[in-house]
Amino acid sequence: MSPTHGLHTLTQARGVLYGGDYNPEQWPREVWREDVALMREAGVNLVTVGVFSWSVLEPEPGVLDFGWLDEVLGLLADADIAVDLATPSASAPPWLARLHPESSSVDARGVRMAVGSRNHFCPSAPAYRDAALRVARALAHRYAGHPALALWHVGNEYGQECFCDLCADRWRAWLAARYGDVARLNDAWGTAFWSQRYGTLEEVVPPRAAPYLHNPAQAVDWRRFTSDQMRALYREQAAVLRAAGDVPVTTNFMGFFGGVDQHTWTDDLDVVADDHYGDPQDPTSPARSALTHDLTRGVGRGAPWLLMEQAAGAVNWRPHNVPKTPAQMLQDSLRAVAHGADGVCYFQWRASAAGAESFHSALLPHAGPDTVLHRAVRAQGRALAALRPVVGARVPARAALVHDWPALWASELPARPSDRLRVLDQLEAYHRPLWRAGIATDVVPSTAPLDGYDLVVVPALPLVSDAAAAAIAAVPQRGGVLVVGPFSGVQDPTTRVRTGAFPAPWTGVLGLAGEEWRPLPDAGVPVRSERYGDFVASTWSERLRADDADVLATYAGADLEGAPAVLRRADPSGGQAWYVSTLPPQDVLDRVVRDAADAAGLRPPLPGAPDDVEVAVRGGLVFVLNLAGEPRVVTLPRSDGPVRDLLGGAVVDGRVTLPAGGAAVLEHAPAAPPDPAHDDVVVEPTDHPED
């Protein structure tokens, strides 16, 4: 990531960024001025333009029409609305497929994709790459110095795959660069199994449709290759844009989506941006959203990031599309800011009247501005404008969760001990108690420096390198606290199983030795624990031996009677290492993780907050979100003195009463003379404000 670029180039003048995708090419000219006027009224200060505009920009090969875009950018510049200008390479125009059929992608069954949707391109086709670069150069040449331009946006939601012969050629070149020769590839992939030994790299093909299981090393390397292939597309367009002027460049990721390894892209991005669509009817959605935001912050190594897309109401792609309430919409934006975002944007500004997303919500709905939704949009603009004090601040995390995309890819392959032991489920389970306590947590790769974290949690990392494993083992040896979840450290980066007692890289630091992975029957297995109470473990167990670790819970099933289930080892340095060999009920795991956090010296910022009140701290501000369907009272530490709610302007001292779905953002306020008639101040609702 460039140290000279970032969101500060936008936020230093505008504060928190607010807006969304704007697709004026879908509308007649007379609508554009209305759009810009309404954006100004709503407090919108950033819009993304041109993501899917290729067929309008270039209606015929080599014929470029910039007239409409000139007019739109001029209107936005006059209104002082910054533009995130996109290269439209995510969806090539139909004429490209007609003239160059090889520019359309091929799936694993050999079926070539048709036009009429999006993301149908082959990333290896010279015709596609040349055409995409031609449009990017034209955009850069025309708009590099435009007063509206504040950010470049390359492509959209990268993560596509193509299995055609052109991609097969690039795949072989990638393998040659990675392994050097076919002998090293054979060793890394273990091709002695099933007579898969290759005599030459020309014999290697992508993991296309096959009669049975693919080689797991081949499958994981293919995912690495496709991520690198997408990054190559991004990099060649980004180079063109950077050569035209000093404007930051980004693209939009999609949380834990497995299409790309975001950690390998960090140095290519001036701004890290993410698209996130929480499910408003899922009570676990706030926790999952916070985890995803912590991941995005980790990808950017702690720098402020941009929430590029979210939904204002309902999406169009779930089977049953329940909309957000105005309170949920505001909370989702505040949550992102609390977890490090300096901008919150939406898909999209004006709801599309035609096309596949015509029933997706927007900041300006089909019914127009005189609506509950759009009034909430304007109120949110005012709320975000009040959060300028947090802009540029980093989130002071002393806890980290370790997550690698190759480990996720390996865990999703078939022919594993269980398909129920899911990496993302484990990440959520171990993150949840830290989020609920308001303990800031970074989600980082295994290669990240870990010395700055007092607590390091490895929920599910089946695949890990020797160097990363050694760095993780060093956490308790330097006095930190390490927590490791089941089935971690079992494979090297080629997916080869580490032989001997498991988890092989950490048996010494954990003080145990494992000999058998044991998926459980549906009924689970009883576990006894004086510390955590008896419970039933589900899905997974392991046969372990405790060497010099304290056993905190033991299996009580006939086959595992007395075997350790949860262990803790005190390191001579003063650190601790915990191992959880099963899936306990969430409340039990919450207590385990909280015990580890306590041992690391991590404390909740508001220890008396109710369980259904979300708390996060950033830049000296305390974000408090009431997730309950009824009012909640939050008691503030008396030593903090009086504080002010930036959303409502009220000064509170002692406690804050939040309405159902309400929110407050608290900062220290100058002390005022005591008023005995107003000992307790209630923060008025901010979730349904009217103009």
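Provided above is the structure to which this section pertains.
Report follows, based on the coordinates.

Calculation rules
Residues numbered from 1 in each chain as written. Predicted model: local features only at pLDDT ≥ 70, side-chain atom pairs only at ≥ 80, totals over all residues. Heavy atoms only, no water. Helix = DSSP H or I, 4+ residues; strand = E, 2+ residues; numbered from the N terminus. Rg over C-alpha atoms; globule rule 2.2 N^0.38 Å. Buried < 20%, exposed > 50% of the residue type's maximum accessible area, 1.4 Å probe, protein only. Pairing = 2+ DSSP bridges. Contact = heavy atoms within 4.5 Å. Axes fitted to C-alpha atoms, helices over the stretch in contact; angles between N-to-C directions. 1 Å grid on protein atoms, 1.4 Å probe; cavity = no way out; pocket = protein on both sides within 12 Å on 5 of 7 lines; lining within 4 Å. Points joined across faces, edges and corners; volume = space filled by probe spheres on them. Nonpolar A, V, L, I, M, F, W, Y, C, P; charged D, E, K, R; others polar. Polar contact = N/O pair within 3.5 Å; in protein donor to acceptor, adjacent residues only side chain to side chain. Right-handed = clockwise from strand over helix to strand, strands pointing away. Parallel < 35°, antiparallel > 145°, perpendicular 65-115°, else oblique. Salt bridge = Lys/Arg side-chain N within 4 Å of Asp/Glu carboxyl O. Expected span 1.5 Å × (residues − 1). Arc of directions from axis to C-beta. Phe/Tyr/Trp six-rings, centres within 6.5 Å; stacked < 30°, edge-to-face > 60°.

Attention shifts here to the overall build of the protein. The helix and strand tally for the protein stands at 17 helices and 27 strands. In terms of overall dimensions, the protein is globule-like: its C-alpha atoms have a radius of gyration of 26 Å, near the 26 Å expected for 691 residues. Principal axes of the C-alpha set define a box for the protein whose edges measure 85 × 75 × 45 Å. Burial analysis of the protein (691 residues in total) assigns 60% to the buried set.

This part is about the sheet that holds strand 7 (residues 273–275). Strand order in the open sheet formed by 9 strands is 5-4-3-2-1-9-8-7-6, and the pairing between neighbours is parallel. One side of each edge strand has no neighbouring strand; the edge strands of this open sheet are strand 5 (249–250) and strand 6 (252–253). Relative to strand 2 (residues 46–49), strand 1 (residues 17–22) is paired through 4 bridges, and the arrangement is parallel. Bridge pairing in strand 2 links Gly20 to Val47. Of the strands in this sheet, strand 1, strand 2 and strand 3 (82–87) touch helix 4 (residues 67–78), which is tilted by about 155° from strand 3.

Overall, mixed pairing links the 9 strands, which are arranged 11-10-12-13-20-19-18-15-16 in an open sheet. If you trace the sheet from one side to the other, it starts and ends with strand 11 (441–444) and strand 16 (535–537), each paired once. Here the strands of the sheet are splayed against their neighbours by 20° on average, with no regard to which way each runs. Set on the sheet, helix 15 (residues 466–477) makes contact with strand 12 (455–458), strand 13 (481–484) and strand 20 (576–580); between it and strand 13 the angle comes to about 130°.

So, about the layout of surface pockets. Taken as a whole, the largest pocket spans an internal volume of roughly 1200 Å³. Around the largest pocket, the lining comprises 42 residues; the ones closest to its centre are Phe52, Arg118, Asn156, Glu157 and Glu357. Secondary-structure elements contributing two or more residues to the lining of the largest pocket are helix 3 (54–57), helix 10 (285–299) and helix 14 (423–437). Class assignment of the residues belonging to the lining of the largest pocket gives a composition of 18 nonpolar, 15 polar and 9 charged.

Among the 5 residues of strand 20, 5 are classified as buried, and the element is accordingly described as predominantly covered. Because side chains alternate across strand 20, one face comprises the buried residues Gln576, Trp578 and Val580, and the other comprises Ala577 and Tyr579, equally buried. Summarising the sheet, strand 13 and strand 20 pair through 4 bridges and their orientation is parallel. Directly across from Val483, in strand 20, lies its bridge partner Trp578. Bridge count between strand 19 (residues 564–570) and strand 20: 5 bridges; the pairing is antiparallel. When the bridges of strand 20 are listed, Val566 appears paired with Val580. Remark: 5 residues form the turn of the hairpin made by strand 19 and strand 20, two consecutive strands paired antiparallel; Gly574 in that turn has positive phi of roughly 105°.

Tracing the sequence through the fold places Arg231 in helix 9 (residues 216–243). Polar side-chain contacts of Arg231 include one of 3.0 Å to the backbone oxygen of Thr264. Once you skip the residues sitting within four places of it in the chain, Arg231 turns out to touch Thr264, Trp265 and Asp268.

With 5 of 5 residues buried, strand 8 (residues 305–309) is to be regarded as a mostly interior element. Note that strand 7 and strand 8 share 3 bridges and pair parallel. The residue of strand 8 that forms the bridge with Ala273 is Leu306. The β-α-β motif built from strand 7, the intervening helix 10 and the parallel element strand 8 has right-handed crossover chirality.

Bringing the packing of helix 7 (residues 165–179) against helix 8 (residues 182–189) into the picture now. Taken N-terminus to C-terminus, the directions of helix 7 and helix 8 make an angle of 85°; their axes are 9 Å apart at the nearest point. Considering their axes alone, helix 7 and helix 8 lie roughly perpendicular with respect to each other. Only Arg184, Leu185, Ala188 and Trp189 of helix 8 make contact with helix 7, whose side of the interface consists of Trp171, Leu175 and Tyr179. Of the residues that constitute the contact of helix 7 with helix 8, the class distribution is 6 nonpolar, no polar and 1 charged.

With that out of the way, let us pick up the pattern of salt bridges. The tally for this structure, following the rule as stated, stands at 47 salt bridges. Among the ionic pairs, Asp35 bridges to Arg350, the shortest N-O distance being 2.8 Å. On the criterion of sequence distance, the pair formed by Asp35 in helix 2 (residues 29–42) and Arg350 in the loop between strand 9 (341–346) and helix 12 (372–385) is long-range, its members being 315 residues apart. Each member of the pair, Asp35 as well as Arg350, carries the same accessibility label: buried. One salt-bridge network, held together by shared partners, links Asp228, Arg231, Arg235 and Asp268.

The next thing to look at is helix 7. With 15 residues, helix 7 ought to run about 21 Å at 1.5 Å a step, and its terminal C-alpha atoms sit 21 Å apart, in line with that. Listing the buried residues of helix 7 in full gives Cys167, Ala168, Trp171, Arg172, Trp174, Leu175 and Tyr179. Viewed along the axis of helix 7, the buried residues span an arc of 165°, placing them on a single side of the element. Of the residues trailing helix 7, Gly180 is marked for its positive phi of about 90°.

This next bit is on the packing of aromatic side chains. Taken as a whole, this structure holds 21 aromatic pairs when the rule is applied. For the ring pair Phe66 and Tyr143, a centre distance of 5.8 Å and an interplane angle of 80° mean the geometry is edge-to-face. Of the two residues, Phe66 sits in the loop between helix 3 and helix 4 while Tyr143 sits in helix 6 (residues 126–143), which places them 77 residues apart along the sequence. You'll find Phe66 and Tyr143 in the same group, each marked buried. Taken together through their ring pairs, the aromatic side chains of Phe163, Trp171, Trp174, Trp189, Tyr198, Trp222 and Phe225 make up a single cluster.

A few words on the environment of Gln160. Structurally, the position occupied by Gln160 is in the loop between strand 4 (149–154) and helix 7. Residue Gln160 is classed as buried on the basis of its relative accessible area of 10%. Taking the C-alpha atoms as reference points, Gln160 and Ser105, 55 residues apart in sequence, are found 8.9 Å from one another. For Gln160, the contacting residues outside a window of four places in its chain are Asn119, Phe121, Thr226 and Met230. Within the structure, Gln160 has its side chain in polar contact with the side chain of Asn119 (distance 3.5 Å). In terms of polar contacts, Gln160 uses its side chain to reach the backbone carbonyl oxygen of Glu157, at 3.3 Å.

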